Amino acid sequence: MNASAPILLFDSGVGGLTVLAELRKMLPQAPVIYAADTAGLPYGSKTEAEIAARVAGLLGVLSERYKPRLACIACNTASTIALGMVRDVLNIPIVGTVPAIKPAAALTKTGVIGLLGTEATIRQVYVDRLEAEFAADKRLVRHGAPELVAAAEAKLRGDAFDRGAITGAVEALKAKAGDGAIDTVVLACTHFPLLTDELRAAFGAGIRFVDGAAGIARRITALTEGHAFDRTSADRFVFTGDRAPSKTLVEVLASYGLPTITPV
Ligand code: DGL
């Protein structure tokens, strides 16, 4: 194994940075390529076929080009739809991101768990299976919140974003719960922890958020145990499409250790 072979993190946009932040804590020496399919963003409003084709195709191209030792699909939407297919076509370990229903079920006291994800994620059989396996004795209230993806992207670009949309999504989730008191919310989209402060303000005190980022970083660490890492060249952020990151986003990416920015 070449010590400078990177770990590839993949998302439709900036959501995977929440996974990268955890990975940096555990594997600070690991070289990383972060790929954002910004031309395909948002995934959450696309069909299963569109997402599967895009993700499998792009990951194929990226692994040819950058020869990663492992790829992480740092996106719940892409993982719940395309993880199996990507594992079938690539011959490197693939780590997926799936809604953190298991830890949420262990934490809830009221037995009512909220799940915020993209519209595509919340309708997946994968989520039905997680619910049946880990939360059969709980109530899982799902809500698709594409406006949170847009808000997280805008926040990191330095653009104004609609805080009313965040409150609206939270109110819609609570309305679905009816009389049930949600005490734990699964952030089932990697973009959403970027809005933790705004979500906390919208929910009010006493809500616990759960996401999968630390668990994914632990899984990557376990799968690369014993590997040599040589992070001597600058880590890179690559993107699809024509829209280069704004000045503010360039600064944000540098703060995550991604100073080099190029098209895929
Ligand atoms: N970050 C992605 C996820 O975890 C999806 C955002 C989108 O492209 O809709 O689901």
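Each remark here, short or long, concerns the structure printed above.
1. As for the overall build of the chain
Phase 1: If you tally the helices and strands in the chain, you get eleven helices and ten strands.
Phase 2: A compact globule built from 264 residues would reach a C-alpha radius of gyration of about 18 Å, and the chain, at 18 Å, matches this within 12%.
Phase 3: Dimensions along the principal axes, computed over C-alpha positions, put the chain at roughly 55 × 40 × 35 Å.
Phase 4: Restricting the contact set of the chain to residue pairs at least 6 apart, pairs at least 24 apart contribute 77%.
Phase 5: Here the chain has roughly 11100 Å² of accessible surface; of this, 53% comes from carbon and sulfur atoms.
Phase 6: Averaging the positions of the 28 positive and the 27 negative side-chain charges in the chain gives two centres separated by 3 Å.

2. Topic: the environment of L187
Phase 1: Tracing the backbone through its elements, the reader meets L187 in strand β7 (residues 184-187).
Phase 2: For the pair L187 and G212, spaced 25 residues apart in sequence, the C-alpha separation works out to 8.2 Å.

3. Concerning the pairing of β7
Phase 1: Side chains T184 and V186 of β7 all project onto a buried face; the interleaved residues V185 and L187 project onto the opposite face, where all are buried too.
Phase 2: Two elements, strand β5 (residues 112-117) and β7, share four bridges in a ladder whose sense is parallel. Note on β7: the bridge partner recorded for L116 is L187.
Phase 3: Of the pairings in the sheet, the one linking β7 to strand β8 (residues 208-210) comprises three bridges and is parallel in character. Bridging across to β8, T184 finds its partner in R208.

4. Comments concerning the site of the ligand
Phase 1: Residues in contact with the ligand amount to 14 residues; listed here are only the nearest, S12, Y43, N76, T77 and H191.
Phase 2: Between the ligand and G44, the relevant distance is 2.9 Å, taken from an oxygen atom to a main-chain nitrogen or oxygen of the residue.
Phase 3: When the free accessible area of the ligand is taken as 300 Å², the share hidden by the protein chains comes to 99%.

5. Concerning the sheet that holds strand β3 (residues 70-73)
Phase 1: Across the sheet, which stays open at both edges, the six strands sit in the order β4-β3-β1-β2-β9-β10 with parallel pairing between neighbours. The open sheet has two free edges, formed respectively by β4 (94-95) and β10 (260-263), since each of these has just one partner strand.
Phase 2: Here β3 runs beside β4; their pairing, made up of two bridges, is parallel. Directly across from A71, in β4, lies its bridge partner I94.
Phase 3: Packed on one face of the sheet, helix α1 (residues 17-26) meets β1 (7-11), β2 (32-36) and β3 and runs near 170 degrees to β2.

What counts, and where the lines are drawn
- Residues numbered from 1 in each chain as written.
- Predicted model: local features only at pLDDT ≥ 70, side-chain atom pairs only at ≥ 80, totals over all residues.
- Heavy atoms only, no water.
- Helix = DSSP H or I, 4+ residues; strand = E, 2+ residues; numbered from the N terminus.
- Rg over C-alpha atoms; globule rule 2.2 N^0.38 Å.
- Contact = heavy atoms within 4.5 Å.
- Areas by Shrake-Rupley, 256 points an atom, 1.4 Å probe, with all protein chains shown as cover.
- Lys, Arg positive; Asp, Glu negative; His and termini not counted.
- Charge placed at Lys NZ, Arg CZ, Asp CG, Glu CD.
- Buried < 20%, exposed > 50% of the residue type's maximum accessible area, 1.4 Å probe, protein only.
- Pairing = 2+ DSSP bridges.
- Near = heavy atom within 4 Å.
- Polar contact = N/O pair within 3.5 Å; in protein donor to acceptor, adjacent residues only side chain to side chain.
- Axes fitted to C-alpha atoms, helices over the stretch in contact; angles between N-to-C directions.

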